[in-house]
Amino acid sequence: MKKLKEEEGYTLVIALLMIVLFLSFSAVFIQASLSHAKQEQTVDQGNLAVTAAEMGVEKYSKEAENIFAKVYAEINAKALVKKAELETEVKKYPNHQSINIGCPVVAGQAMQVWIKCNIDKYDEDLRNEFFTKMSTELNNLKTNANKVVISDTLTHKLKDLTIMPMSSTDKSIKLTINVAGEKSNVVQSGSATPTAQRTKTLSSDLSFPEVPFFDDSAVSEVEVKWGQPITEVTNFFPQLTNKPLGSCPAVSAITKTMPPCKFSGVINEEYLQKLREVGVDSSFYIKVDQFPNQMNNFNAYNIPILADGGTITTNTNINQTDNLTLYYKGLLAFQNTNKHTNNNFIVAEVITFQNNQNIVNNTIINVGNSAKSTYTASKITINDGTKLCVNLDGITPSPSTLFTTIDTSNDNGQSKSDIAVKGTGKIYLYSSSKTPTPQPTTQKVVYFNDATKFLESCGVSINYNVEGKEKFSLPLLISELDWDLEMDVDYQPQP
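Cut-off values and rules
Residues numbered from 1 in each chain as written. Predicted model: local features only at pLDDT ≥ 70, side-chain atom pairs only at ≥ 80, totals over all residues. Heavy atoms only, no water. Helix = DSSP H or I, 4+ residues; strand = E, 2+ residues; numbered from the N terminus. Buried < 20%, exposed > 50% of the residue type's maximum accessible area, 1.4 Å probe, protein only. Contact = heavy atoms within 4.5 Å. Areas by Shrake-Rupley, 256 points an atom, 1.4 Å probe, with all protein chains shown as cover. Polar contact = N/O pair within 3.5 Å; in protein donor to acceptor, adjacent residues only side chain to side chain. Core = buried A, V, L, I, M, F, W, Y, C linked by side-chain atoms within 4.5 Å. Pairing = 2+ DSSP bridges.

This brings us to the overall build of the protein. Helix and strand counts for the protein come out as four helices and 25 strands. When the 495 residues of the protein are sorted by exposure, 39% land in the buried category. Within the protein, contacts between residues separated by at least 24 positions form 54% of all contacts whose residues are at least 6 apart in sequence. Entry remark: accessible area of the protein is about 27,100 Å², with carbon and sulfur atoms responsible for 52%.

Encoded structure:
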């Protein structure tokens, strides 16, 4: 073949063209590779940010669980106190008192219904206190939460923590935790370029179970011995019935463990003194029918003396008795006594006073009787350390204004009223129709309309005739709550 002219130049052009094409394709591939590498780096940074957020969610979920356990233990201790208070009141049945608004003591109401009402009220109050306390603790956790450093490039921060209000049907504790995880580049020393950051926020819903404090399925039984409540003050001393008693032994035969006995003849100081010296039991008492004609400067050594009657009503001069503890079913008249002192405790149906008596350190209790005997108290002063207790429903006062004109002025002069109260003296008055006096400890004259409270305030130990016994069930306290924390993390992290 014949060779063309200047054929060699085309080879060079083709070679250059091939080089340009190769470089162009290489640039495209390099650009694509760099873009892909950057995307992978971004994804990796995002994944690390999510990991940091997960670590934060786990941390704050655990702290919320610890708060739950701590608060439950605190409120559970209060539940134990409340249950003890309820049990104490149950043991007073049928004279128990209301302890919760909404659970009044209703006549004829079944005791078990009353117990359940109070337990339900306790549970509601404790649950609300638990929720309030836990809300406070969680808010403190949110307020005091700082950024947590995991490594030199990973951190997390609590963004929000919200506790949901309890509903009337759902008593579980629900809260939401939002945690931001952050991945950052290592800061180069001396570099003014801000550190590149990648942030992801995870949301987690936590649900704690309902928080009961009492277990109705496990109960303890409280046995209650009950009797007829005192409704009439005149039924003040059940021992003053015809309970048969053996005769009291001679002075030489008195022993510490001897039972209550009936004294024959006129009671005397020597016998009472011997009883005190041997230290007879606190349940001991002596029944007496006859007393000295003149009980002047008579010391009874605080041995309880019971009398269904006797001669005190006809021989009425009682002057300066000491340590006389007397329960007397009859009319007892104090005369010719200018100052009646020395720690006497006297309970009688009707006690009258004459001749300007100043009574110090005594308890005088007039329980009255069905006959409503005439009651007089001519110019007496109830002075320091003395209680005068009168059942207005069991007497006929003379004059009729006797207890409506009591002098409480505390003046040192002569009182214009028949009855005056001074110093630390107290006058307690009972009437079934009278409104009780508020805060009786701050008043000189106090009214009661509850016979038991009246007598007990005056120092009389109320004895009930036991009529039966019952057992009531109280739910046990849940000492430890076994719960499972439900946790739902939203794995659609927000940037």
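The discussion continues.
Now for the environment of Asn383. For Asn383, the location among the structural elements is in the loop between strand S18 (380–382) and strand S19 (387–391). Asn383 sits in the buried class, given a relative accessible area of 15%. Measuring from C-alpha to C-alpha, the distance between Asn383 and Gly423 comes to 5.8 Å, with 40 residues separating the pair along the chain. In this structure, Asn383 is in contact with Asn358, Ile359, Val360, Lys422, Gly423 and Gly425, ignoring residues within four places of it in sequence. A polar side-chain atom of Asn383 sits 3.1 Å from a polar atom in the side chain of Asn358.

For the rest of this paragraph, the subject is the nonpolar core. The biggest cluster of nonpolar side chains holds 47 residues, and the ones touching the most others in it are Leu275, Ile286 and Tyr375. Sort the elements by how many residues they give to this core and strand S14 (residues 344–353) lands first, with five residues. Membership of the second largest hydrophobic core comes to 45 residues, among which are Met111, Ile173, Leu206 and Phe214.

So, about the pairing of strand S2 (residues 154–163). Looking at chain direction, strand S1 (residues 148–149) and S2 are connected through two bridges and run antiparallel. When the bridges of S2 are listed, Val148 appears paired with His156. Taken together, S1 and the strand that follows it, S2, pair antiparallel across an intervening segment of four residues. As defined by bridge partners, S2 adjoins strand S3 (residues 173–184) across nine bridges and the pair is classed as antiparallel. Looking across to S3, one finds that Thr162 is bridged to Thr176.

Purely geometric numbers; function is a separate question.
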